[in-house]
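# Report on the structure
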Amino acid sequence: MQLSDKIDITPFARILPFFAAGILAFRYVTAPDWLIVAAAVIGYAVAWRQRKGFCRWWTVAVALFFSGILVTAVSARKEAMPRGERLAMVLEVGQNPVLNGRWRQTVARVGAYRPLDSAGSGWRGVDEKVELRVDTAERIAVGEQLYVAGYLNPVDTAGSRYGTLMRSRGIGARVYVRGDQVISRLPGNGRRATRYAAALQRWAVERIHRLHVGEREQELLSALIAGDKRNLDRRLKADYSKTGVAHILAVSGLHMGFVLVIANLLFGWTVLLRYGHVAKNVLVISALWFYAVMAGLSPSAVRAALMLSAAQLALACSVPGNGYNVVLGAATLMLAANPFYLYDLSFQLSFMAVLSILFFYPRLYRRKLCRNRIADAVCSSVLLGAAAQIGTLPLVAWNFGNVPIISLIINPLVILTAFLSVFTGILWVLFAFPGLSAVFSAVAGALLQAQNGIVTWAAGTPVASVSGVRFDGYGAAVAYVVLAALAVGLKWQRIFRGSRPLNLERMIEHDARRS
């Protein structure tokens, strides 16, 4: 299939760039909403009339651009609660709190409020997401409702990168709550999925704590399996950050990729049954979402599950090019729901990692096919991480200001130990029989000690990372242009040689038949 034909069957490759450009252009647009709506409607109308003409895609591009501006304007102008005014609020805790100095920091949603300094003011319903900081003397849990009195402190969302990040997560204010500001506590209601996810996360952490391993290894496994980083050693976190492998500590696209590989290998035999392909894809996607729930349904885990569910469906499609279309379509829908995701680093990393996996992973895997199924699973996990790192390295350099040189050396080893640790940890969480505790403790302890030892050693080397890298947004854009040129070059090379692409679905089906 020619490159132009693949673009024709991947319409979201042309839809997403113009829609995203409109989101980026919103901050520079001062036109009224009615004019933006009119421009978009006219663009779609002209495109419909010229649907068989040469200029149809250009008119659609203009309409998509204005649609991006309009969606962002609607999302940015939602009615907000008053800032700087004393309020009575009903808050529902949405995430597990983490210690931050004298505060327990988490995210909460305000369901109702009323001004306390205005006579006769009644309760007003609202749904606003805030950053909640509660005095460490107070215990809070996910799903719990607090009836508090306090102020909404505005978060700068106009210029700073931190403000843009907070806006991308839907957070526009911060609430500080001391013990004397808590009027009463109420049982949570309404957000059952969050409470069930928190309960499943606590269940997983409790099972992990049954393993007879060191405290640092126990907390590291809790972070890898359940996304619980509350008690993770700070020095260890600093070592992971310095060596460029801190992504291992947060449940995101890489961990979901591990689950994707493990589930495809475990359920690969189902393709031999009638409707086995459908059953296998249902089971794999169910495994992804079970893992996301076990990780507490954190935003990064949910986005990664969405992206990799789309990737699994994409890899199952028989028409080349549909893989990219499914992933790009998922990203477009997510941006339509919340345009400020475009500024969220975790969304950017998840999106680029999945695209990079779709393109580079089959090409890397084709050069190293392993006959042994266990060796093949290990090899797949390492290559999966390498493929994801290719697409995310420019973003890491831009956002963190350093290029972790040592990560190019230790990343395959860390990914390998993390993959085996995740596999071992998930098996233990699901089958935590007392008689198997010694075996799982020995295996998990050895893997985690080896991983921590590698990272600690690498952090102490003088070439761990190059700090102070001046890599701005334009530099990142240039890096991705170079990557895109490399991808096109590899595609043209394959077309020129007349070889067929290697599909993950075909690999797994071949392995299942061979076994």
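All of these numbers come straight from a predicted model, not from anything done at the bench. Numbers given to residues run from 1 along each chain, matching the order in which its sequence is written. Given that this is a predicted model, residues contribute local features only at a pLDDT of at least 70 and side-chain atom pairs are listed and counted only at 80 or more, while totals for whole chains, interfaces and linings are drawn from all residues. Only hydrogens and water are removed before side-chain values are computed, so all heavy atoms of the structure are retained for them.

### A closer look at unusual backbone geometry
Stated formally: Think of it in three bands: with a 1.4 Å probe and only protein chains considered, a residue is buried below 20% of the maximum accessible area for its type, exposed above 50%, and partly exposed in between.
Of note in this structure, Tyr275 is not a glycine but carries a positive phi near 55 degrees. The exposure class of Tyr275 is exposed, given its relative accessible area of 60%.

### A few points about the packing of aromatic side chains
Aromatic ring pairs are reported here in terms of the distance separating the ring centres and the angle at which the planes meet. Definition in use: For Phe, Tyr and Trp, rings pair up if their centres lie within 6.5 Å, where Trp contributes its six-membered ring, and each pair is then called stacked (planes under 30 degrees apart), edge-to-face (over 60) or tilted (otherwise). A helix here means a DSSP run of H or I that spans at least four residues, while a strand means a run of E at least two residues long, and both kinds are numbered starting from the N terminus.
Applying the stated rule across the entire model yields nine aromatic pairs. Relative to Phe351, the ring of Phe347 has its centre 6.2 Å away and its plane inclined at 0 degrees; by these criteria the two rings are stacked. In this pair, Phe347 and Phe351 both sit in helix H13 (residues 345-366), four residues apart, roughly one turn of the helix. Across this residue pair, the class does not change: Phe347 and Phe351 are buried. With a centroid separation of 5.0 Å and an interplanar angle of 85 degrees, the aromatic rings of Phe359 and Phe360 are classed as edge-to-face.

### A look at the packing of helix H9 (residues 253-266) against helix H10 (residues 276-294)
This is how it is decided: To define axes, lines are fitted to C-alpha atoms, for helices over the stretch in contact only, and angles between the resulting N-to-C directions are given on a 0 to 180 degree scale. By the definition used in this description, the sense in which the near helix is turned from the far one sets the handedness, with an anticlockwise turn below a right angle giving left-handed and a clockwise turn giving right-handed. Whether two residues are in contact is decided by their heavy atoms, any of which lying within 4.5 Å being enough. Charged means Asp, Glu, Lys or Arg here, nonpolar means Ala, Val, Leu, Ile, Met, Phe, Trp, Tyr, Cys or Pro, and polar covers whatever is left, Gly included.
Two elements in contact, H9 and H10, have axes whose closest approach is 9 Å; the angle formed by their N-to-C orientations is 145 degrees. Handedness of the H9/H10 crossing: right-handed. On H10, the residues that touch His255, Met256, Val259, Leu260, Ala263 and Asn264 of H9 are Lys280, Val284, Ala287, Leu288, Tyr291 and Ala292. Counted by class, the contact of H9 with H10 contains nine nonpolar, two polar and one charged residues.

### Quick notes on a nonpolar patch on the surface
Rules: Patch definition: residues above 30% relative accessible area lacking any salt bridge, with like charges linked at up to 9 Å and the nonpolar side chains Val, Leu, Ile, Met, Phe, Trp and Tyr linked at up to 5 Å. Method for areas: the Shrake-Rupley scheme with a 1.4 Å probe, in which residue coverage is limited to the protein chains shown. Counted as salt bridges are all cases of a side-chain nitrogen of Lys or Arg within 4 Å of a carboxyl oxygen of Asp or Glu.
Taken together, the side chains of Phe290, Leu430, Phe431, Phe433 and Leu436 make up a nonpolar region of the molecular surface, amounting to roughly 450 Å² of accessible area. If you trace the backbone, Phe431 turns up in the loop between helix H15 (407-430) and helix H16 (437-459). With a relative accessible area of 41%, Phe431 lands in the partly exposed category.

### What about the pattern of salt bridges?
Applying the stated criterion across every chain, the model contains nine salt bridges. Close ionic contact of Glu128 with Arg83 constitutes a salt bridge, the shortest N to O distance being 2.7 Å. Placement of the pair is Glu128 in strand E4 (residues 124-135) and Arg83 in the loop between helix H4 (56-76) and strand E1 (87-93), with a sequence separation of 45 residues. The class of Arg83 is partly exposed, set by a relative accessible area of 28%. Its salt-bridge partner being Arg185, residue Glu144 comes within 2.7 Å of it at the nearest N-O pair. You can see Glu144 sitting in the loop between E4 and strand E5 (145-150) and its partner Arg185 sitting in strand E8 (residues 182-186), a full 41 residues away along the chain. Take Glu144: its relative accessible area is 16%, and that puts it in the buried class. According to the relative accessible area criterion, Arg185 is partly exposed, its value standing at 35%.

Functional significance is not addressed by these values, which are geometric in nature.
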